[in-house]
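Results of the structural survey
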Amino acid sequence: MNKNLEIEEKSVSIVGGGGHIGLPLSCFIQNQGFNVSIIDNNKKIINLINEGKTTFYENELDENLTKALQNGLKATNKIETITNTKFVIITIGTSSNKKSILFFKQLIDDVLRNINKKAVLILRSTVTSEDISYILKNPLFLTKELYLAYCPERIAEGEAFKELYELPQIIGADEQSSEKIVEMFFKDLNIKTITTTIENALFIKLFSNAYRHANFSLSNEFHNIAQKNNLDFEQIRQIATEDYPRLSNLPFSGYVGGPCLPKDLETFIKSYNVTNSLLNSLPTVNEVYLDNIVEKCLSLFQEKNLIQLGLGFKINSDDIRGSGAIILNNKLRKKGFEVFSVDPLINKSDFEHELYEFNEVIDRSENIIVAVDHQIFNNYDLKNKTVLYAEI
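What this report covers is the structure whose coordinates are included nearby. Computed from a predicted model, the values in this text were never measured in an experiment.

Quick look at the nonpolar core now. If you look at the biggest cluster of nonpolar residues, it comprises 38 residues, and the most contacted ones within it are Val12, Ile29, Val182 and Phe185. Ranked by the residues each element gives to this core, the list is headed by helix H1 (residues 22-30), at five residues. Contact partners of Phe185, with chain neighbours within four places excluded, come to Leu5, Val12, Ile29, Phe34, Phe87, Ile89 and Ile122.

What follows is the structure, given as structure tokens:
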């Protein structure tokens, strides 16, 4: 593929670059021949990155970080660094939360004060049309003659280095000049692009996660209805889907959580003034699903104590943001259960309650709920225990 950018234009600052979205992206771009600076206000994370250490799990991240540092990747907490770069990518997004909106506006103000004239500003995380208007109305945006594009991140956590290559990058831009230069940027990264307007790109990001939320939640709703009528939905599901292609995409029942789906559903509803819609009922569906798991614990376990295995928002993840397993943990406590929480993948400092090793609590309860079925739990001896799997 022909390269379009000049050498001096291959400088990139990634604001929020120490996080789950920013760090894999930073490593990827650096290893494609660009000069990347990570900007993050967490000094501890910055120091760890510069030492080649990661603070969360992402497949192939360790080796990509090592390679990127060898290729010149640098991390700093100084926002002034963006003055020396052509492309500034913001990987911190906003939501409908007032505190989040205020933080994002303050961040944008800092970026616009320090960004170089005729630089390219790329937004990557969840934002709204109000956020775009806030940028465009800032006098510095006009006087510095900046380019602007919204290029939504659509990657599954844990699959960044695979999907950065495989997924097309949507480029939302309202000016042809912005669209052209951002398209050249991604072509230099050997990434296929699809161009559209900023408003379309905003809708795509939010609607995609709202749709996925709805898809998972609908399966949970059928599960709730079946349980209310004393039916085993998972058995029904297995029978209904066997060799029947028209139900092949039916999701398993389970938590609908994580750092994106609940937040983006709420942002979609508020951004587009959605009322009296199926979408408005989805959070209630999933609350009922979790309440039903608690009821199963009450009926199955003879004593009100249990060992909970797994706290991450999905299998084999150390990320507890928006985790349904955390919500379940708190619901069990409110119902009077003594809960011994076990998850060797997460940091103790990330969890509000005490976190145990399995061998510390194996004799403290005969009851086990496998809330998130991490692969590591296959090594645990659950014999002679009463075991409930929260997700199938």
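Text resumes after the structure shown.
Before going further, it helps to spend a moment on the state of the cysteines. According to the stated counting rule, one finds zero disulfides in the structure shown. Counting only cysteine sulfurs, Cys260 is the nearest neighbor of Cys27, a cysteine outside any disulfide, at a range of 19 Å. Judged by relative accessible area, Cys27 falls into the buried class, the value being 0%.

Note that Ile198 resides in helix H9 (residues 198-228). Given the relative accessible area of 5%, Ile198 is considered buried. Sequence separation between Ile198 and Gly172 is 26 residues; the distance between their C-alpha atoms is 4.0 Å. Beyond its immediate sequence surroundings of up to four residues, Ile198 is in contact with Ile132, Leu148, Tyr150, Gly172, Ala173 and Asp174.

Before going further, it helps to spend a moment on the side chain of Asn220. Locating Asn220 in the fold gives a position in helix H9. On the accessibility criterion, Asn220 (0% relative accessible area) is buried. In terms of polar contacts, Asn220 uses its side chain to reach the backbone carbonyl oxygen of Gly254, at 2.6 Å. Ignoring anything within four residues of it in the chain, the contact list for Asn220 reads Ser253, Gly254, Val256, Val285, Asn286 and Tyr289.

In this section: the packing of H1 against helix H3 (residues 61-70). Relative orientation of the contacting elements H1 and H3 amounts to 50°, with a least axis distance of 9 Å. By the criterion of interaxial angle, the relationship of H1 to H3 is oblique. Between H1 and H3 lies a crossing of left-handed hand. Taken together, the residues of H3 that come into contact with H1 (itself represented by Leu23, Pro24, Cys27 and Gln30) are Leu61, Asn64, Leu65 and Ala68. For the contact of H1 with H3, the per-class residue count stands at six nonpolar, two polar and no charged.

Once that is clear, we can look at the sheet that holds strand S10 (residues 338-342). Pairing within the open sheet is parallel, and its five strands lie in the order S11-S10-S9-S12-S13. Both outer strands of the open sheet, strand S11 (355-356) and strand S13 (386-389), are each paired with one neighbouring strand and no more. Bridge count between strand S9 (residues 305-309) and S10: five bridges; the pairing is parallel. Looking at S10, one finds that Leu306 is bridged to Val339. Those strands touched by helix H12 (residues 278-300) are S9, strand S12 (367-370) and S13, and its axis lies near 165° from that of S13. Running at roughly 155° to S10, helix H13 (residues 324-334) makes contact with S9, S10 and S12 of the sheet.

Now for the packing of aromatic side chains. Two measures describe an aromatic ring pair: the distance that separates the ring centres and the angle between the ring planes. Throughout the structure, instances matching the rule amount to 11 aromatic pairs. Considering the side-chain rings of Phe28 and Tyr165, the 5.0 Å spacing of their centres and the 80° angle between planes classify their relative orientation as edge-to-face. Here the residue Phe28 occupies a position in helix H1, and Tyr165 occupies one in helix H7 (residues 160-166), the gap between them amounting to 137 residues. By relative accessible area, which is 3% here, Phe28 ends up buried. With centroids separated by 5.4 Å and ring planes inclined at 80°, the aromatic side chains of Phe34 and Phe185 adopt a geometry described as edge-to-face. In this pair, Phe34 is assigned in the loop between H1 and strand S2 (35-39) and Phe185 in helix H8 (residues 176-188), connecting sequence segments 151 residues apart. Accessibility assignment for this pair places Phe34 and Phe185 in one class, buried.

On to unusual backbone geometry. A positive phi angle is found at Lys118, which is not glycine, with a value near 60°. Along the chain, the position of Lys118 falls in the loop between helix H4 (98-114) and strand S5 (120-123). The phi dihedral of Asn230 falls on the positive side, at around 60°, and the residue is not glycine. Note that Asn230 resides in the loop between H9 and helix H10 (233-241).

A word on the pattern of salt bridges. For the structure shown, the criterion picks out 13 salt bridges. Here Lys263 makes a salt bridge to Asp264, at a shortest N to O gap of 3.0 Å. Judged by relative accessible area, which is 27%, Lys263 ranks as partly exposed. Here the residues in one salt-bridge network are Glu157, Asp319 and Arg321, joined through shared partners.

Take the pairing of S5 next. Because side chains alternate across S5, one face comprises the buried residues Val120 and Ile122, and the other comprises Leu121 and Leu123, equally buried. Relative to S5, strand S4 (residues 87-90) is paired through four bridges, and the arrangement is parallel. Within S5, the residue paired with Ile89 across the bridge is Ile122. Inspection of the sheet shows S5 paired to strand S6 (residues 147-150) by four bridges, in the parallel sense. Within the sheet, the bridge partner assigned to Ile122 lies in S6 and is Ala149.

In this section: the environment of Phe216. For Phe216, the position within the fold is in helix H9. Between the C-alpha atoms of Phe216 and Val120, which are 96 residues apart in sequence, the distance is 37 Å.

Thresholds, definitions, all that
- Residues numbered from 1 in each chain as written.
- Predicted model: local features only at pLDDT ≥ 70, side-chain atom pairs only at ≥ 80, totals over all residues.
- Heavy atoms only, no water.
- Core = buried A, V, L, I, M, F, W, Y, C linked by side-chain atoms within 4.5 Å.
- Buried < 20%, exposed > 50% of the residue type's maximum accessible area, 1.4 Å probe, protein only.
- Helix = DSSP H or I, 4+ residues; strand = E, 2+ residues; numbered from the N terminus.
- Contact = heavy atoms within 4.5 Å.
- Disulfide = S-S within 2.5 Å.
- Polar contact = N/O pair within 3.5 Å; in protein donor to acceptor, adjacent residues only side chain to side chain.
- Axes fitted to C-alpha atoms, helices over the stretch in contact; angles between N-to-C directions.
- Parallel < 35°, antiparallel > 145°, perpendicular 65-115°, else oblique.
- Left-handed = near helix turned anticlockwise from the far one by under 90°.
- Nonpolar A, V, L, I, M, F, W, Y, C, P; charged D, E, K, R; others polar.
- Pairing = 2+ DSSP bridges.
- Phe/Tyr/Trp six-rings, centres within 6.5 Å; stacked < 30°, edge-to-face > 60°.
- Salt bridge = Lys/Arg side-chain N within 4 Å of Asp/Glu carboxyl O.

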